[in-house]
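One-letter residues, chain by chain:
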Amino acid sequence: MKKRRSKRGGPAAPRTMVRKNAKRKVASRKIRNSRQVGAVALNHPHAQVAATDLSRHLPIDYRIALPPNKRRLSFGDRWDYAPAPEAHSYIKLKPRYELFINGRFVRPKSRKYFESINPATEEKLAEIAEADARDVDFAVKSARRAYDKVWSKMSGRERGKYLYRIARLIQERSRELAVLETMDGGKTIKESRDVDLPLVAAHFFYHAGWADKLQYAFPARNPAPLGVAGQIIPWNFPLLMAAWKLAPALACGNTIVLKPAETTSITAMHLAEIFQEAELPEGVVNIVTGAGETGRALVEHPNVDKIAFTGSTDVGKRILHAVAGTKKKLTLELGGKAANIIFEDAPIDQAVEGIISGIYFNQGHVCCAGSRLLVQEGVFAPVIRKLRDRISTLRVGNPLDKNTDIGAINSRMQLEKICELVDSGVQQGAKLVQSPARLPAKGYFYPPSFFTGVTASHRIAQEEIFGPVLSVMTFRTPEEAIERANNTPYGLSAGVWTDKGSKIFKIVNKLRAGVVWANTYNKFDPTSPFGGYKESGFGREGGIHGLAAYLALN
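Report on the accompanying structure. It should be emphasised that the depicted structure is a prediction, and the values quoted were computed from it without experimental measurement. (Residues numbered from 1 in each chain as written. Predicted model: local features only at pLDDT ≥ 70, side-chain atom pairs only at ≥ 80, totals over all residues. Heavy atoms only, no water.)

Moving on to the packing of helix H3 (residues 133-151) against helix H10 (residues 292-300). It is the contact of H3 with H10, at a shortest axis distance of 9 Å, that shows an interaxial angle of 45°. Judged on the interaxial angle alone, H10 and H3 are oblique. Handedness of the H3/H10 crossing: right-handed. On H10, the residues that touch Ala133, Val136 and Val140 of H3 are Thr294, Ala297 and Leu298. Residue composition of the contact of H3 with H10, by class: 5 nonpolar, 1 polar and no charged. (Axes fitted to C-alpha atoms, helices over the stretch in contact; angles between N-to-C directions. Helix = DSSP H or I, 4+ residues; strand = E, 2+ residues; numbered from the N terminus. Parallel < 35°, antiparallel > 145°, perpendicular 65-115°, else oblique. Left-handed = near helix turned anticlockwise from the far one by under 90°. Contact = heavy atoms within 4.5 Å. Nonpolar A, V, L, I, M, F, W, Y, C, P; charged D, E, K, R; others polar.)

If you want it as structure tokens, here you go:
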């Protein structure tokens, strides 16, 4: 019998050994292919087995072809971020914060205080003074005295110097203020640090430049300050809303009594310390803290010349009723139920990121949030698939962690409202999709969510949820999109996503909204006016239009 020779010239292996090696090679190919399929289709039961324990199932071929719309990439916990908490031990929180009146911190006449709670931990941060009508009267008198004797007589150039000084001090203490904003309100540190504080300083810088140029902003007019302005701000952007109102009023020569929201008063009191450090004249800015009764006393005070309010539509209506028949000027920036419109020719991946920033930014605590998503039917399926995948990547947790995307809901009351409206959506037949993110055991948290199958009659399509919850609807034609977008009592903002500039201009001109973003969302600048129509209020803040709200133009 002739001996077999290998290709290299040596004796060849027996035929039985050749067959065994061939089987091993085939098995190894199956293992490699199964690993690849398991990484792509880990949600499939067979792929799950193939990815977890391949060695015990070698004879079976687990290569399963999934359609593209069902393929998922899953890397388990290998891409999880390590905790990166922002240091806050160096920040000195006072156990008790008093009222800031006439340039000094004073105790409330009622001697009453209320607690400020960290919504992420449910722990007490500090006690806040509760101002009553007597404290408000003292603050208004101090503001009137400062207006008559100092601020209205000061040149615009000198007023601008104070605003510049305040802006620079805010920049110097921005990290401290950002941490306080996060601890007091629940928003993520990366939003406080990278969005809120830079805009706060920018508003003071911008309006400082206008302080001595008002005659150029309003040519052929004689701009004059109004007097004492009463300003009431909400809890979703405490420092930013304070800057929106304080900076233009001061630049125009008015003095101020500011009332922050009762759940987020701490940063306003640290801003008062900056006013002291900037040596702002006594009484020019006064800060009174408290709940609804404090705001009511400010609105109804007879010696206030201007009221500026940002908050809910219901409270805005009551303020409008109280001011009617008086000589007080009024600016209202109220709620919204903005439509974010996605056309078939839009860049879908970019639009999905715009949806995320439109509704999940600041846990949805944004009056201009894109809480109604209108998607053209031709791209509905891919948009929903990409949106479902994207919200599953959002990290919910400690707001002080630099990697957190969704922080804490501002208060227990707001969390209960979100849950109640979500329950109504489920009961009315809409389909709820939620992120699988694990929520912390302590604190007020809600996962990023969206509804499909929503109709215009649903409560979740009409009422402002003010949380990380999106209502998705479809449309066929641009005319239908416009009709659906305008079918709301609100008119604060909107968004349009399309590849055609001509379509943007056509749609924008037919939307009844004060601010419309095109191929972006939630972009703000001090030079751009902001405000709404219908039940979203009237008047503008920011830009030259915002200056006009604090001037008498003769």
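Our focus in this paragraph is helix H6 (residues 189-210). The periodicity of an α-helix, 3.6 residues per turn, causes residues three or four places apart in sequence to face the same way. Over its 22 residues, H6 runs 31 Å from end to end, which matches the ideal 32 Å to within 8%, given 1.5 Å per residue. Of all the bends in H6, the greatest, near 30°, is centred on aspartate 196, and the proline proline 198 appears no more than four residues after it. (Expected span 1.5 Å × (residues − 1). Bend = angle between axes of the 7 residues up to and from the residue.)

A few words on unusual backbone geometry. Although it is not a glycine, asparagine 102 sits at a positive phi angle of roughly 60°. Of note, asparagine 102 is situated in the loop between strand E2 (99-101) and strand E3 (104-106). When its relative accessible area of 12% is taken as the criterion, asparagine 102 is described as buried. Look at glutamate 122: it is not a glycine, yet its phi comes out positive at around 65°. (Buried < 20%, exposed > 50% of the residue type's maximum accessible area, 1.4 Å probe, protein only.)

This paragraph deals with the sheet that holds strand E12 (residues 339-342). Read across the sheet, 7 strands follow the order E14-E15-E16-E13-E12-E18-E19 without closing on themselves; strand pairing throughout is mixed. Taken across any chain shown, the strands that pair with only one partner, and hence form the sheet edges, are strand E14 (431-434) and strand E19 (515-518). Between one strand and the next, the sheet's axes are offset by a mean angle of 20°, whatever the strand orientation. Pairing geometry for E14 and strand E15 (residues 449-452), over 4 bridges, is antiparallel. For valine 433, the partnering residue across the bridge sits in E15 and is phenylalanine 450. Sheet strands touched by helix H14 (residues 412-427): E14, E15 and strand E16 (469-475). Its angle to E15, the strand with the most contacts, is close to 25°. Where helix H16 (residues 478-486) meets the sheet, it contacts E12, strand E13 (372-376) and E16, and its direction lies at approximately 145° from that of E16. (Pairing = 2+ DSSP bridges.)

All chains considered together, the criterion is met by 11 aromatic pairs. The interplanar angle of 50° and the centroid separation of 6.2 Å between the aromatic rings of tyrosine 164 and phenylalanine 205 together place this pair among those described as tilted. Of the two residues, tyrosine 164 is situated in helix H4 (residues 156-172) and phenylalanine 205 in helix H6; the sequence distance between them amounts to 41 residues. What makes tyrosine 164 partly exposed here is its relative accessible area of 32%. Grouped by ring-pair contacts, the aromatic residues Trp244, Trp517, Tyr521, Phe524 and Phe530 constitute a single cluster. The residue whose ring lies beneath arginine 96 is tyrosine 113, and the NZ or CZ to ring-centre distance is 3.9 Å. Residue placement shows arginine 512 over the ring face of tyrosine 533; its charged tip is 4.3 Å from the ring centre. (Phe/Tyr/Trp six-rings, centres within 6.5 Å; stacked < 30°, edge-to-face > 60°. Lys NZ or Arg CZ within 6 Å of the ring centre and 35° of its normal.)

Pairing between strand E4 (residues 113-118) and strand E5 (residues 123-129): 6 bridges, direction antiparallel. Within E5, the position partnered with tyrosine 113 by the bridge is alanine 129. The loop that links E4 with its antiparallel partner E5 comprises 4 residues; one of these, glutamate 122, has a positive phi angle of about 65°.

For glycine 156, the location among the structural elements is in helix H4. Measuring from C-alpha to C-alpha, the distance between glycine 156 and cysteine 252 comes to 7.9 Å, with 96 residues separating the pair along the chain. Apart from the residues within four sequence positions on either side, glycine 156 is in contact with Ala211 and Asp212.

Okay, the pairing of strand E10 (residues 306-310) next. Within E10, 5 of the 5 residues are buried, which leaves it mostly tucked inside the rest of the structure. On E10, burial covers both faces: Lys306, Ala308 and Thr310 on one face and Ile307 and Phe309 on the other are all buried. Sheet topology note: the strand E7 (residues 228-232)/E10 ladder contains 4 bridges and is parallel. Residue isoleucine 232 lies in a different strand from E10, and its bridge partner there is phenylalanine 309. Regarding topology, helix H11 (residues 313-323) serves as the crossover connection from E10 to the parallel strand E11 (residues 329-333), and that connection is right-handed. (Right-handed = clockwise from strand over helix to strand, strands pointing away.)

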